[in-house]
Amino acid sequence: MNDLIPEFDFARVFIAPWADGAQTFIWIALMGFFVAAACGLVGNYLILRRMALVGDAISHSVLPGIAIAFLLANSRSTPVMFLGALVAGILTTVIIEVIHKKSRVKQDAAIGIAFSTLFAIGVILISLYADKVDLDAECVLYGEIAFVPLAPHVQMFGLPLGPEPVVRMGFVAALTLLLIILFYKELLVSSFDPGLAASLGINAGVMHYALMSMLSVVVVSAFESVGAILVIAMLILPGATASLLSQRLPVVLLLSGVHGALSSLLGIHLSIWLECSMAAAMVVMGAALFVLAWVFSPGAGLLATWLSRRSKPVRLEAAPQPAYGR
Amino acid sequence: MHDTAPALELHDLTVAYHKKPVLWGIDLEVPQGKLIGIVGPNGAGKSTLIKAVMGLLPISSGWVKVFGQPLKKSLQRIGYVPQRESVDWDFPVSVMDVVLMGRYGRLGLIKRPTKEDREVARACLEKVHMLPYANRQISNLSGGQQQRVFLARALAQESDLYFMDEPFSGVDAATESAIITLLHELRERGKTMLVVHHDLPTAREYFDMLILLNMRLVAFGPTSEVFTNELLQTTYGGRLTILSDVAEAVKEQRILR
Ligand SMILES: Nc1ncnc2c1ncn2[C@@H]1O[C@H](COP(=O)(O)OP(=O)(O)OP(=O)(O)O)[C@@H](O)[C@H]1O
Ligand SMILES: [Mg+2]
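Residues numbered from 1 in each chain as written. Chains lettered and ligands numbered in written order. Predicted model: local features only at pLDDT ≥ 70, side-chain atom pairs only at ≥ 80, totals over all residues.

**Observations concerning the overall build of chain A**
Along chain A, the regular secondary structure elements total 13 helices and 2 strands. The C-alpha atoms of chain A give a radius of gyration of 22 Å, which matches the 20 Å a tight globule of 326 residues would have. Overall size of chain A, expressed as C-alpha extent along the three principal axes, is 75 × 60 × 45 Å. Looking at chain A as a whole, 44% of its 326 residues are labelled buried. Within chain A, contacts between residues at least 6 apart in sequence are counted, and of these 69% link residues at least 24 apart. (Helix = DSSP H or I, 4+ residues; strand = E, 2+ residues; numbered from the N terminus. Rg over C-alpha atoms; globule rule 2.2 N^0.38 Å. Buried ≥ 20, exposed ≤ 12 C-beta atoms within 10 Å, placed from the backbone. Contact = placed C-beta atoms within 7 Å.)

**What about unusual backbone geometry?**
All names here are of chain B. Although it is not a glycine, Lys19 sits at a positive phi angle of roughly 70°. Within the fold, Lys19 resides in the loop between strand S1 (8-17) and strand S2 (20-30). At His129, a residue that is not glycine, the phi angle is positive and equals roughly 60°. With respect to the helices and strands, His129 occurs in the loop between helix H5 (115-127) and helix H6 (143-156).

**Considering the nonpolar core**
Ranked by size, the top nonpolar core spans 165 residues in total, and within it Ala38(A), Ala222(A), Val231(A), Met234(A) and Val99(B) carry the most contacts. Element by element, the count of residues in this core is highest for helix H10 (residues 204-245) of chain A, at 24 residues. Excluding residues within four positions of it along the chain, Ala38(A) makes contact with Met169(A), Val172(A), Ala173(A), Thr176(A), Val218(A) and Ala222(A). (Core = buried A, V, L, I, M, F, W, Y, C linked by C-beta atoms within 7 Å.)

**Points about the pairing of strand S10 (residues 216-222) of chain B**
Pairing analysis gives 6 bridges linking strand S9 (residues 209-214) of chain B to S10(B), with the strands arranged antiparallel. Paired with Ile211(B) across the two strands is Phe220(B), which belongs to S10(B). (Pairing = 2+ DSSP bridges.)

**Side note on the site of ligand 1**
Residues and elements named next belong to chain B. In the region of ligand 1, the neighbouring residues are Tyr17, Val22, Gly40, Asn42, Gly43, Ala44, Gly45, Lys46, Ser47 and Thr48. With 3 residues, helix H1 (residues 46-53) is the single largest residue contributor to the shell around ligand 1. Within the shell around ligand 1, the residues separate by chemical class into 3 nonpolar, 6 polar and 1 charged. (Near = placed C-beta within 6 Å. Nonpolar A, V, L, I, M, F, W, Y, C, P; charged D, E, K, R; others polar.)

**What about the sheet that holds strand S5 (residues 69-70) of chain B?**
Each strand in a sheet pairs with another by means of backbone hydrogen bonds, the pair being arranged parallel or else antiparallel. Residue and element names in this part refer to chain B. Judged by pairing direction, the sheet is antiparallel, and its 4 strands sit side by side in the order S2-S1-S4-S5 without closing on themselves. Strand pairing shows two members of the sheet lacking a second neighbour, S2 and S5, which therefore form its edges. Sheet topology places strand S4 (residues 61-66) next to S5; 2 bridges connect them, and they run antiparallel. Note on S5: the bridge partner recorded for Lys65 is Pro70. This element, H1, spans S1, S2 and S4 of the sheet and lies at about 115° to S1. (Axes fitted to C-alpha atoms, helices over the stretch in contact; angles between N-to-C directions.)

**Digging into the sheet that holds strand S6 (residues 78-81) of chain B**
Residue and element names in this part refer to chain B. Within the open sheet, the 6 strands sit side by side as S6-S7-S8-S3-S9-S10. Their pairing is mixed. The open sheet has two edge strands, S6 and S10, and neither has a second partner. Ignoring strand direction, the axes of neighbouring strands in this sheet form an average angle of 15°. Two strands pair when backbone bridges link them, and strand S3 (residues 35-39) and S9 are joined in this way by 4 bridges, in the parallel orientation. For Gly37, the partnering residue across the bridge sits in S9 and is Leu210. Sitting on the sheet, H1 touches S3, strand S7 (161-165), strand S8 (192-196) and S9, and the angle it makes with S7 is about 145°. Helix H10 (residues 229-236) rests against S3, S9 and S10 of the sheet, and its axis sits at about 150° to S10.

**Here we look at the interface of chain A and chain B**
With 21 residues of chain A at the interface, the matching set in chain B holds 23 residues. Only helix H8 (184-192), helix H9 (194-199) and helix H11 (249-274) of chain A provide two or more residues apiece to the side of chain A that touches chain B. A total of 4 residues in the side of chain A that touches chain B trace back to one element, the largest contributor, which is H9(A). Tallied by class, the residues present in the side of chain A that touches chain B amount to 10 nonpolar, 7 polar and 4 charged.

**What to know about the pairing of strand S1 (residues 153-156) of chain A**
Residues and elements named next belong to chain A. Two elements, S1 and strand S2 (residues 159-163), share 4 bridges in a ladder whose sense is antiparallel. For Val154, the partnering residue across the bridge sits in S2 and is Gly162. Between S1 and S2, which follow one another and run antiparallel, lie 2 residues, and Phe157 among them has a positive phi close to 50°.

**Structural notes on the packing of helix H1 (residues 10-20) of chain A against H11(A)**
All names here are of chain A. Between H1 and H11, the least distance of the axes is 9 Å, while the angle of their chain directions is 115°. Here H1 lies roughly perpendicular to H11, going by the angle between them. Between H1 and H11 lies a crossing of right-handed hand. Where H1 approaches H11, its residues Val13, Phe14 and Pro17 are matched on the opposing element by Ile268, His269, Ile272 and Trp273. Split by residue class, the contact of H1 with H11 holds 6 nonpolar, 1 polar and no charged. (Parallel < 35°, antiparallel > 145°, perpendicular 65-115°, else oblique. Left-handed = near helix turned anticlockwise from the far one by under 90°.)

Structure representation (structure tokens):
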């Protein structure tokens, strides 16, 4: 048994990182939190609009986006990559819309066509120009959050802020939050009832593409640390977990932030224990939290449902008055 | 300025889904202050008509004017009650949140609903007897209650022209008559309402005017003039069993009166 799973040593797993390596781990934890928070916030709206798979699609089309941007600009600078991925992300949503609207193909199939094709093009481009494109496909797919603290630190107004990817992700997370607060009611009504939204003069198309652009920005900034494949988990898990615990959108949004922070922290410790990929450990912890919520949610959890079915009839409130159209 | 303009004017309105026309050359001039029924069989294009008029669907030809103005300029004056099935009732919002959505059109970008908006929303909920449910999550409502939440939301829009898609589906008789009273009240205040309705005998009672629709406009006029066997035959394509039931019902009503 001991050969299969490394021994669990509380001091090594939970205390040592913060005692010896706080400088390193604080950045990793922050990065994990920013990624999960930004993804979780946008992801909530994807779930509400039943578009969770679009997040998957965009995260895959990022690969050809950065490959093409790299070939065109011949630079690995962040803005170039960012732009390439952003254009690819928005293009993906446009392609999905066009296939879905202009042919008989349903949206889920259109998503499958769009992202696998774009991803394949990315793979071809990278292998064609392998000598020119100095991209590590492995890193694009799985990311490397453990290297984040090693990135050059940035300063602002002479104040040291932190490693560049962490600062950027923090900025993106803050921007996402700000936009969601500012356009809360527009996002709400266009997600709940597009018909009413349009009649109120809120352009559902504009909202759709605004959300998709935001999603692309979030995915692009997240993917270098968690990779294109794990980012989908970050998009869905926080919102899905939170939706099991509350039925009020503001609370759901808040809870998905809490979920992000917890899965980031717990993920770090899991990966130290198992000596495995940190991003993967964060996702696994996020999924564990989801299962916990599923079982223990006070309202709709498995346990609550089971108990209420099993228990003797509870004492009810006073007998109801007849409804009479109430 | 446009006080006497028709509430709604359509000219040669044609609407198609994927090149297949479902509404063809509709000409219509709806006066203000009337309660109007839209009647026709399933698939006749009733919902499509409402959506096209509200700019939710592209129109292939023709034009729409609302209070003598192009649609864009008069969106503020239109209220909407969609078919109940058109939204996801598991959405994490409360009854109050949904009714407040009716106020969004007046708020403009970024602004939050004010205390006053909440007051209006509360008053509208009271009118449909749903105030005690204000804080409920919407999935915990019965079908008829959901329908009344939509109605309260439309009231909160404080519009002059209302489109209601089957507001009576799934409500009990008492609620139905309560809603009708409410609609009459709105009419007294000069509002115009276009209501999709499936039950022919009651359609005859409820509405001042009827739009008989089946891909084309079969007839439009005061209920007493267009609720005839012949025009209904044309609208429902001679589905005689239904129509004879209606004729039966109509006869019975005559006897009762
Ligand atoms: N999104 C769509 N795409 C393609 N065809 C559609 C679409 N929506 C409606 N249709 C078709 O348009 C026609 C009119 O539909 P519409 O929903 O307007 O009917 P309706 O009169 O409201 O019917 P009901 O009484 O069942 O509500 C139908 O033949 C329908 O099949
Ligand atoms: Mg309909």
